[in-house]
Amino acid sequence: MQRVVIKLSGSIFKQPFDLNYIKILCDSFVSLLNEGIQPIIVSGGGEVARNYINVLRAFGVDETTLDEIGISVSRLNAKIIIGALGSFAYPLVPSSMDELSLALNLGKIVVLGGLYPGHSTNATAALVAEKSRATLFVNATDVDGVYTADPKIDKDAKKYDQIDTKTLFNLVTSSPIIAGSYDLFDPLAIKIIERSNIRTRIVLCTPQNILNAIKGSKVGTEIVIK
Ligand code: UTP
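Heads up: these notes are all about the structure in this document. (Residues numbered from 1 in each chain as written. Predicted model: local features only at pLDDT ≥ 70, side-chain atom pairs only at ≥ 80, totals over all residues. Heavy atoms only, no water.)

Brief notes about the overall build of the chain
A count of helices and strands for the chain gives 8 helices and 7 strands. For 226 residues, the compact-globule estimate of 2.2 N^0.38 gives 17 Å, and the chain sits close to it at 16 Å. Reported as C-alpha extents along the three principal axes, the dimensions of the chain are approximately 40 × 40 × 35 Å. A burial count over the chain gives 50% of its 226 residues as buried. Working note: accessible area of the chain is about 10,600 Å², and carbon and sulfur atoms make up 55% of it. Side chains of the chain carry 23 positive and 22 negative charges; the gap between the two charge centres is 5 Å. (Helix = DSSP H or I, 4+ residues; strand = E, 2+ residues; numbered from the N terminus. Rg over C-alpha atoms; globule rule 2.2 N^0.38 Å. Buried < 20%, exposed > 50% of the residue type's maximum accessible area, 1.4 Å probe, protein only. Areas by Shrake-Rupley, 256 points an atom, 1.4 Å probe, with all protein chains shown as cover. Lys, Arg positive; Asp, Glu negative; His and termini not counted. Charge placed at Lys NZ, Arg CZ, Asp CG, Glu CD.)

Written as structure tokens, this is what we have:
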């Protein structure tokens, strides 16, 4: 069975939850399964993870523990997607690569959060794409692609239709690598994509964009290996 990995932006778990949106998103994952494509979903931690991380950092808690808090929240978010998918989903959230492999064998939609401290769910999703030999990694996020600068700050920022891994690496390594703020795409994710030549696209998180990216449309930004 062909597999695709979809990283779901933590922004879709913003509270109060938009049940209708989550349902439509999950229906699109089920439609993929019906076409013989097994989706593997990686949920981000979002605002709740950042709130917990910020409170605990203010109390002087170490960064590894803060990463673990982010992982816990992303797994809780994964539970929401599993609940919305019902019997189409594998019922547990894999917490290791071995558990992921076992889950994939059942042919259902597998949903997970983070796995290990020190990086974001983007890197988890890249590792999961590598492990599962996925044909595509779709990073569904809260911007419609990669820009020359942060489009929320710089109005003149231009979107890339395509960006190579070297340019993307230089763009993201200027940001700090601390719990809760690994930016649009963390450096580890880029290195994993590079070493295993994983087809990757960054799109605005909507059901249609995700489906279009999987059908091969030129939506968002494509990452090419350099
Ligand atoms: P993310 O930063 O990936 O979630 O995970 P997010 O903020 O929702 O991501 P975007 O906005 O969709 O891109 C939350 C935090 O959990 C920890 C990190 O501290 C991360 O910032 N984490 C997550 C890990 O340490 N390891 C993982 O595998 C995943």
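Digging into the packing of aromatic side chains
By the definition in use, this model includes 1 aromatic pair. Ring plane angle 35° and centroid distance 6.0 Å describe the contact between Phe137 and Phe185, whose orientation is recorded as tilted. Of this pair, Phe137 sits in strand β4 (residues 136-141) while Phe185 sits in the loop between α6 (165-172) and α7 (187-196), and the two are 48 residues apart along the sequence. A residue is classified by how much of its surface remains accessible, and Phe137, at 0% relative accessible area, is buried. A cation sits over an aromatic face here: Lys191 above Phe169, 4.6 Å from the ring centre. (Phe/Tyr/Trp six-rings, centres within 6.5 Å; stacked < 30°, edge-to-face > 60°. Lys NZ or Arg CZ within 6 Å of the ring centre and 35° of its normal.)

Some details on helix α2 (residues 46-58)
With 13 residues, α2 should reach 18 Å at 1.5 Å per residue; the first-to-last C-alpha distance of 19 Å fits that figure. The complete set of buried residues in α2 reads Gly46, Ala49 and Ile53. Buried residues along α2 cover an arc of 55° about the axis, so they all sit on one side. Residues of α2 that are buried sit in contact with α3 (63-85). Following α2 by one or two positions, Gly60 adopts a phi angle in the positive range, close to 85°. (Expected span 1.5 Å × (residues − 1). Arc of directions from axis to C-beta. Contact = heavy atoms within 4.5 Å.)

Topic: the pairing of strand β7 (residues 221-224)
Two faces make up the sheet, and in a regular strand the side chains alternate between them. Only one face of β7 is buried, namely the one carrying Thr221 and Ile223, since none of Glu222 and Val224 on the opposite face is buried. In the sheet, strand β5 (residues 162-164) pairs with β7 via 3 bridges, with the strands oriented parallel. Across the sheet, the residue bridging to Asp164 is Val224, located in β7. Pairing geometry for strand β6 (residues 200-204) and β7, over 3 bridges, is antiparallel. Paired with Ile202 across the bridge in β7 is Thr221. (Pairing = 2+ DSSP bridges.)

Points about the sheet that holds β7
Pairing is mixed across the open sheet formed by 7 strands, whose spatial order is β3-β2-β1-β4-β6-β7-β5. Edge positions in the sheet fall to β3 (110-112) and β5, since each has one partner strand and no second. Neighbour to neighbour, the strand axes of the sheet diverge by 20° on average, direction disregarded. Packing against the sheet, helix α1 (residues 19-34) makes contact with β1 (2-8) and β2 (37-43), and its axis sits at approximately 150° to β2. (Axes fitted to C-alpha atoms, helices over the stretch in contact; angles between N-to-C directions.)

Focus: the environment of Ala129
For Ala129, the location among the structural elements is in helix α5 (residues 121-132). Apart from residues no more than four positions distant in its own chain, Ala129 is found in contact with Val5, Ala134, Phe137 and Ile198.

A word on the site of the ligand
For the ligand, the set of nearby residues contains 23 residues, the closest of which are Gly46, Asp67, Tyr116, Thr121 and Thr124. In this structure, an oxygen atom belonging to the ligand sits 2.6 Å away from a main-chain N or O atom of Gly46. Taking Arg50, its side chain carries an N or O atom lying 2.6 Å from an oxygen atom of the ligand. Bound to the protein, the ligand loses 94% of the 590 Å² it would expose on its own. The element best represented in the shell around the ligand is α3, accounting for 3 residues. Of the residues assigned to the shell around the ligand, the class counts are 6 nonpolar, 14 polar and 3 charged. (Near = heavy atom within 4 Å. Polar contact = N/O pair within 3.5 Å; in protein donor to acceptor, adjacent residues only side chain to side chain. Nonpolar A, V, L, I, M, F, W, Y, C, P; charged D, E, K, R; others polar.)

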